Amino acid sequence: MRRSLLILLAVILAGAAIAGISYLLARRICVSQLAPSGDDLAWLRDEFHLSDTEMQRIRQLHEGYLPKCRENCARIAAKRQELLTALDKAQGMTSEAQQKLAEVAALRAQCQANMLAHFYEVSRAMSAEQGRRYLAEMQRLTLGFHEQIENTMSPDAAAHHGHH
Amino acid sequence: MQLLQVLTDVFQPPRWHGLRTADRCQPAALALTSLSCGDAALRTMITNSPMSDEAKLRALLRESRPAPDLPPGFQDAVWRRIERTEAPAGARPAADWLDHLAAWFLRPGRAFATAAVMLVLGLSLGIAQGASRGKDLAKARYLNSVSPLALRQ
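Residues numbered from 1 in each chain as written. Chains lettered and ligands numbered in written order. Predicted model: local features only at pLDDT ≥ 70, side-chain atom pairs only at ≥ 80, totals over all residues.

1. Comments concerning the overall build of chain A
Thinking step 1. A tally of helices and strands in chain A yields 6 helices and 0 strands.
Thinking step 2. Its helices and strands in sequence order give chain A the pattern α-α-α-α-α-α, from N to C terminus.
Thinking step 3. Classification of the 164 residues of chain A by burial places 18% in the buried group.
Thinking step 4. Of all intrachain contacts in chain A linking residues separated by at least 6 positions in sequence, the fraction that spans at least 24 positions is 49%. (Helix = DSSP H or I, 4+ residues; strand = E, 2+ residues; numbered from the N terminus. Buried ≥ 20, exposed ≤ 12 C-beta atoms within 10 Å, placed from the backbone. Contact = placed C-beta atoms within 7 Å.)

Put into structure tokens, the structure is as follows:
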């Protein structure tokens, strides 16, 4: 019985080793094959089954959008720094800090508007069905986070929170 | 039992090779005597025969019929059977089940089949998970390029 137990233990260990090693190898190979190798748009092509013509058009749009996006990011970062400095200086909420806060929010809104405009353009470069899917996915991914925060702070959520 | 052993030895043809005439006659005589007179007579005959001849004869007989080699794991099998007989009735089914399972895996064909199943299982899971992970990374890369990090913090 002891010998049988040892055999079964060896079988289990060998089986686990074979399965584990093959799993890790296959996973690594798949990730290296499917993960982006330098092309930001690789996911779009695979996910939305884009043709070469569609990809060419989308690449043009993407390359046109990136400088604007970087510019917006730099402006937001600079305005945030100004806000932090104003808050540090005043040690509280002043009219200057409030103004900086409003400017950061305006820049963010502008950035979001630019981004959504870009998504609409890209979606129009795809077939109608894929375009709808792309737009829904992008809205969910880029605006969804803010919606989540706003939902938790809505009156319904606050009332529910009060019952606890 | 001794009588039977001697009789069996006597009537085996190959064992006569290399014996002297006197040696060859002795066991035959013994056998005949024993057949007619029984164990007592046989014992008398054996006692009367020279010891050295008997020893030689026995050695020759042993050489002429070599014992076959025991199969591998014979002793283990014997001990297992003894253990099984001595084990309490409640413990036996579990032990039997384990023995059968272990024996099942010890067949080379089944061992290879099990290894192949584990390999395919590992590869399938790895491919599925790797594909999903690769897709997630590609998606994150696109999102990072189009959506400023500040907006998603």
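2. Some details on the nonpolar core
Thinking step 1. Core analysis: the biggest nonpolar cluster contains 25 residues, and Leu44 of chain A together with Tyr142 of chain B have the highest contact counts within it.
Thinking step 2. Elements with a minimum of two residues in this core: helix 1 (2-34), helix 2 (42-47), helix 3 (52-90), helix 4 (95-124) and helix 5 (128-152) of chain A together with helix 7 (108-146) of chain B.
Thinking step 3. Discounting residues that sit within four places of it in the chain, tyrosine 142 of chain B has contacts with Asp40, Leu41, Trp43 and Leu44 of chain A. (Core = buried A, V, L, I, M, F, W, Y, C linked by C-beta atoms within 7 Å.)

3. Re the environment of arginine 27 of chain A
Thinking step 1. Turning to its location among the elements, arginine 27 of chain A is positioned in helix 1.
Thinking step 2. Given 22 C-beta atoms within a 10 Å radius, arginine 27 of chain A is considered buried.
Thinking step 3. Discounting chain neighbours no more than four positions away, the residues touching arginine 27 of chain A are Gly126, Gln129 and Gly130 of chain B.

4. Regarding the interface of chain A and chain B
Thinking step 1. With 44 residues of chain A at the interface, the matching set in chain B holds 36 residues.
Thinking step 2. Sorting the residues of the side of chain A that touches chain B by element identifies helix 1, helix 2, helix 3, helix 4 and helix 5 of chain A as the ones contributing at least two each.
Thinking step 3. Top contributing element to the side of chain A that touches chain B by residue count: helix 1 of chain A, with 22 residues.
Thinking step 4. A per-class count over the side of chain A that touches chain B returns 31 nonpolar, 9 polar and 4 charged. (Nonpolar A, V, L, I, M, F, W, Y, C, P; charged D, E, K, R; others polar.)

5. A word on the confidence of the model for chain B
A low pLDDT means the predicted coordinates there should not be read in detail.
Residues and elements named next belong to chain B.
Thinking step 1. Confidence along chain B averages 71 in pLDDT terms, with 58% of residues attaining 70 or more.
Thinking step 2. Per-residue pLDDT, averaged within each element of chain B, yields its smallest value for helix 2 (residues 21-37) (45) and its largest for helix 7 (91).
Thinking step 3. Within the model, pLDDT remains below 50 along residues 13-37, and this stretch shows 31 contacts once partners closer than five positions in the same chain are excluded.
Thinking step 4. Per the prediction output, this complex has pTM 0.54; the corresponding ipTM is 0.74. (pLDDT = per-residue confidence, 0-100.)

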